[in-house]
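Here's the letter readout for the chains.
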Amino acid sequence: QVQLLESGGGSVQAGGSLRLSCAASGFTYIYYCMAWFRQAPGKEREGVASIGVDGTSTYTASVKGRFTISRDNDRNTLYLQMNDLEPEDTAMYYCAAVYTGSHDPCPPLYRSLSAFPDWGQGTQVSVSS
């Protein structure tokens, strides 16, 4: 029932920018923490950024100052603005969601993979040097 559809991936040179989008449907979006994860070949999936029902955001250290997560509750859409991209950012990027109600915060990114039950299909981001 839950549907998460990512878009906006592509190939860019180092220093470039991309904006990823995640269109959500099939659930009450305003009660869900939303997050972006990524997985590079040979590596485990890692949390990139999350945003709670109150708009509070958190980021993994490697993207702080470069990426910005945001949500548009009127459009049920999640975004990830990625600036100053680096080759190390190359990965498949996934949108994820977890119910938190109207008050609870997002789960911490460092142990959040299993906490997010709903996932999109992913969108590829490739950054060349």
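Procedures and definitions
- Residues numbered from 1 in each chain as written.
- Predicted model: local features only at pLDDT ≥ 70, side-chain atom pairs only at ≥ 80, totals over all residues.
- Heavy atoms only, no water.
- Phe/Tyr/Trp six-rings, centres within 6.5 Å; stacked < 30°, edge-to-face > 60°.
- Helix = DSSP H or I, 4+ residues; strand = E, 2+ residues; numbered from the N terminus.
- Buried < 20%, exposed > 50% of the residue type's maximum accessible area, 1.4 Å probe, protein only.
- Lys NZ or Arg CZ within 6 Å of the ring centre and 35° of its normal.
- Pairing = 2+ DSSP bridges.

### Overview of the packing of aromatic side chains
Taken as a whole and judged by the stated rule, the model has five aromatic pairs. For the pair Phe37 and Phe116, a centre-to-centre distance of 5.3 Å together with 70 degrees between the ring planes defines the contact as edge-to-face. Of this pair, Phe37 sits in strand E4 (residues 32-39) while Phe116 sits in the loop between strand E9 (91-99) and strand E10 (118-119); the two residues are 79 residues apart in sequence, bridging distant segments of the chain. When its relative accessible area of 1% is taken as the criterion, Phe37 is described as buried. The structure contains a cluster of three or more aromatic residues connected by ring pairs, namely Phe27, Tyr29, Tyr32 and Tyr99. Directly above the aromatic system of Tyr94 lies the positively charged group of Arg45, at a separation of 3.8 Å from the ring centroid. The ring of Tyr29 has Arg71 sitting right over it, with the charged end atom 4.5 Å from the ring centre.

### Points about the pairing of E4
By the criterion of burial, E4 is predominantly enclosed, with seven of the eight residues buried. Pairing of E4 with E9 involves eight bridges; the strand directions are antiparallel. Each bridged residue has a counterpart across the sheet, and for Trp36 the counterpart in E9 is Cys95. The hairpin turn running from E4 into strand E5 (residues 46-51), its antiparallel successor, is six residues long, and Gly42 in that turn takes a positive phi close to 80 degrees.

### Focus on unusual backbone geometry
One non-glycine residue, Asn76, lies in the positive phi region at around 50 degrees. Looking at where Asn76 falls in the secondary structure, it is placed in the loop between strand E7 (67-72) and strand E8 (77-82). By relative accessible area, which is 25% here, Asn76 ends up partly exposed. The backbone of Asp84 shows a phi angle near 50 degrees, a positive value even though the residue is not glycine.

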